[in-house]
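# Structural features, examined
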Amino acid sequence: MRLSSRMGLIKPSATLAINAKAMELKAKGISIISLAVGEPDFETPGFIREAAKKAIDEGFTRYTQVGGIPALRKAAAGYFKKYHGVEAEAKNIIITNGGKQALYALMQALLNPGDKVLIPSPYWVSYPEMATMAGASSIFVPTTIEEGFKVTPARLEESVTPEVRMLVINSPSNPVGACYSRKELDAIMEWAIGRGLFVVADEIYEQLVYAPAESASAATWWARYPEQVAIVNGLSKAYCMTGWRVGFALADAALIKAMDQMQGQVTSNVCSIAQRAALAALEGPDDSIIAMREAFKRRRDMVLAEVSTWPGVRCPKPDGAFYFFLDFSALLGPDCPDDNVMCTRLLEEAHVATVPGTAFGMPGCLRISYAVSDETLAEALKRMRKVMVK
Ligand SMILES: Cc1ncc(COP(=O)(O)O)c(C=O)c1O
């Protein structure tokens, strides 16, 4: 099959590779626990599902406006007022097929071939691939465990080159769960704005932050510099709606219009029924978010209490999202030379699926997700301990 040369540049997803291996073992009748998942294990709240059923019954099943139904765009604008005190209008919002499409469209709309994107490492796997698909390339900005895997203006300054057009900031982060405080984020934003960069702030996990920690939003910076900042968010994580595919971006009206034009040629609108469900979610009560946050905090504490007793394993305390990024580089040696070997061993010997740190640009580490029940999590940790702690 003769594929385009572009396809040769795009890496397959490491998470999907692990999942395929896990499925193979499952098919052999082996009970596998997957800590490789990136979605909440809770059901979409009932009132949201009801809104979708109602949309179907009312025949709300046709094409809608490409960038989203007006009520949903207004509600997404209202989200920024509710949580961040930022005034935005519907023209500053586009409704996308997940936060993923918003990120992709932003890079397509803003990057030219030869441009570079600053990506703090470890990073979410799709950022560099999206930059590549836009003809640009990535500069990974290294961080250390001592810094909580967070970048600083000094680190960014060391990596920046004249070709850099964009900075991607993800807080709370995947894969670390790192949250930037107001002070930390402000310093980064000031540096980036001063440098004339465009900042894409991926805040998809912003509802999953565990008190007393905070994760500052860049929305207030968008209000001051609308032509240099865009915020990506969505319903997947906060409302347990991963499969519904609803995300949104806040940006300058001209940029939103460009993204809208592109979406009109690629996917058209997000599923009409999912949009009605998303509208109910954004207009509804926060109870389900609060309950989920409590459950995740309990599990976060449970994992932390366990892994902090494992010799040779270190991790920063994750303040948000639902991941732990374990640095076990001290355990590497002839017997276990790298993170891929460790993850294969965890899968084959402990029957626990995890994701190697290399996938996120950080060898010697692995990511686990705690978006599974407390019992499953306890069992998985017990099994992992047997392999990782000699
Ligand atoms: C950091 C980050 N950003 C964006 C997304 C995209 O989520 P969705 O497209 O489901 O909204 C994910 C999903 O895993 C993520 O982890």
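No experiment lies behind these values; they were computed from the predicted model shown. Throughout, a residue's number is its position along its own chain's written sequence, starting from 1. Side-chain atom pairs in this predicted model are given and counted only at pLDDT of 80 or more, local residue features only at pLDDT of at least 70, and totals for whole chains, interfaces and linings cover all residues. To get the side-chain values, all heavy atoms of the structure are used, and hydrogens and water are removed first.

## Brief notes about helix α4 (residues 98–110)
Going by this rule: Here a strand is any run of E in DSSP of at least two residues, a helix any run of H or I of at least four, and the numbering for each starts at the N terminus. Helix span, as expected, comes to 1.5 Å for every residue beyond the first. Buried, partly exposed and exposed residues are distinguished by accessible area as a fraction of the type maximum, computed with a 1.4 Å probe on protein chains only: under 20%, between the cut-offs, and over 50%, respectively.
Look at α4: 19 Å from first C-alpha to last across 13 residues, which is about the 18 Å you get at 1.5 Å a residue. Among all positions of α4, only G98, G99, Q101, A102, L103, A105, L106, M107 and L110 are buried.

## Section: the domain arrangement of the protein
Many authors give the size of an interface as the accessible area that is lost as the parts come together. The test is simple: Just so you know, the domain bounds were taken from an automatic or database domain assignment. Here, two residues are considered to be in contact whenever any of their heavy atoms come within 4.5 Å of each other. The buried area of a pairing is the accessible area, by a 1.4 Å probe, that goes missing from both parts when the two are put together, added over both. Salt bridge, as used here: a side-chain nitrogen of Lys or Arg that lies within 4 Å of a carboxyl oxygen of Asp or Glu. Each polar contact in these results corresponds to two N or O atoms within 3.5 Å; when the atoms are within protein, one needs to be able to donate a hydrogen and the other to accept it, and residues that are neighboring in sequence are counted only if both atoms are side-chain atoms.
According to the domain assignment, the protein consists of domain 1 (5–43 + 288–388) and domain 2 (59–283). Contacts between the two partners involve 32 residues from domain 1, matched on the other side by 33 residues from domain 2. Between domain 1 and domain 2, the buried area comes to about 2900 Å², and carbon and sulfur atoms account for 63% of it. Contact with domain 2 buries surface across domain 1, with I289, D319 and F360 losing the most and accounting together for 19% of the total. Inspection of the domain 1/domain 2 interface yields two salt bridges. A salt bridge links E146 to R314; the shortest N-O distance between them is 3.3 Å. Put simply, domain 1 and domain 2 have 15 residue pairs in polar contact (both at pLDDT 80 or more) between them. The set of elements that each furnish at least two residues to the side of domain 1 that touches domain 2 consists of α11 (287–307) and β9 (323–327). Element by element, the count of residues in the side of domain 1 that touches domain 2 is highest for α11, at six residues.

## Some remarks on the pairing of strand β2 (residues 93–96)
Our working rule: Strands were regarded as paired on the criterion that DSSP finds at least two bridges between them.
Of the two faces of β2, the one lined by I93 and I95 and the one lined by I94 and T96 are each fully buried. Pairing geometry for β2 and strand β8 (residues 247–250), over four bridges, is antiparallel. Along β8, the bridge assignment pairs I94 with A249.

## Here we look at the environment of L111
Among the structural elements, L111 can be located in the loop between α4 and β3 (116–121). Once the C-alpha coordinates of L111 and T132 are considered, the two residues, 21 residues apart in sequence, prove to be 9.9 Å apart. Residues contacting L111, with those up to four places away along its chain left out, are V117, A131, A134, A136, R165 and M166.

## As for the sheet that holds strand β11 (residues 355–356)
Rule in force here: Axis lines are fitted to C-alpha atoms, over the contacting stretch for helices. Their N-to-C directions set the angle, which ranges from 0 to 180 degrees.
Strands sit in the order β9-β12-β11 across an open sheet of three strands; the sheet is antiparallel. Looking along the sheet, the strands with just one partner apiece sit at the ends: β9 and β11. As paired elements, β9 and strand β12 (residues 365–369) share five bridges and run antiparallel to each other. Bridge assignment links Y323 to a residue of β12, and that residue is S369. On the sheet, α11 packs against β9 and β12 and is oriented at approximately 15° with respect to β9.

## Quick word on the site of the ligand
Here is the rule we go by: Only heavy atoms are used to decide nearness, and a residue is near a molecule or strand if one of them lies within 4 Å of it. Throughout, the Shrake-Rupley method with a 1.4 Å probe supplies accessible areas, and for residues the shown protein chains are the sole cover considered. Here the term cavity refers to a set of points on a 1 Å grid, laid over the protein atoms alone, in which a 1.4 Å probe fits but cannot get out; the term pocket refers to an open set having protein on both sides within 12 Å along at least five of seven lines, with lining residues being those that place an atom within 4 Å of a point. A pocket or cavity is taken to hold a molecule when more than half of that molecule's atoms are within 2 Å of the pocket's grid points. In this classification, the charged set is Asp, Glu, Lys and Arg, the nonpolar set is Ala, Val, Leu, Ile, Met, Phe, Trp, Tyr, Cys and Pro, and all remaining amino acids, among them Gly, are polar.
Residues in close proximity to the ligand total 13 residues, the closest being G99, D202, Y205, S236 and K237. The side chain of S236 places a nitrogen or oxygen atom 2.7 Å from an oxygen atom of the ligand. Here an oxygen atom of the ligand and a side-chain polar atom of K237 are 2.7 Å apart. Its free accessible area being 400 Å², the ligand has 92% of it covered by the protein chains. The cavity that encloses the ligand is the largest pocket. It is α4 that contributes the most residues to the shell around the ligand, three residues altogether. Its residues assigned to classes, the shell around the ligand shows four nonpolar, five polar and four charged.

## As for the nonpolar core
Grouped burial of nonpolar side chains is what soluble globular proteins tend to show. Selection rule: By nonpolar core we mean a set of buried residues, namely Ala, Val, Leu, Ile, Met, Phe, Trp, Tyr and Cys, connected to one another through side-chain atoms within 4.5 Å.
If you look at the biggest cluster of nonpolar residues, it comprises 54 residues, and the most contacted ones within it are F80, L118, L167, I231, L235 and Y239. Apart from the residues within four sequence positions on either side, L235 is in contact with C240, M241, V246, F248, A278, A281 and L282. Judged by nonpolar contacts, the second largest core, of 37 residues, contains Y210, V313, Y370 and M384.

## Description of the pattern of salt bridges
Within this structure, the stated rule accounts for 22 salt bridges. Here K11 ties to E129 by a salt bridge, and the two come within 3.7 Å at their closest N and O atoms. With K11 in the segment before α1 (14–27) and E129 in helix α5 (residues 126–133), the pair connects residues that are 118 residues apart, well separated along the chain. Of the residues examined, K11 reaches a relative accessible area of 56% and is grouped as exposed.

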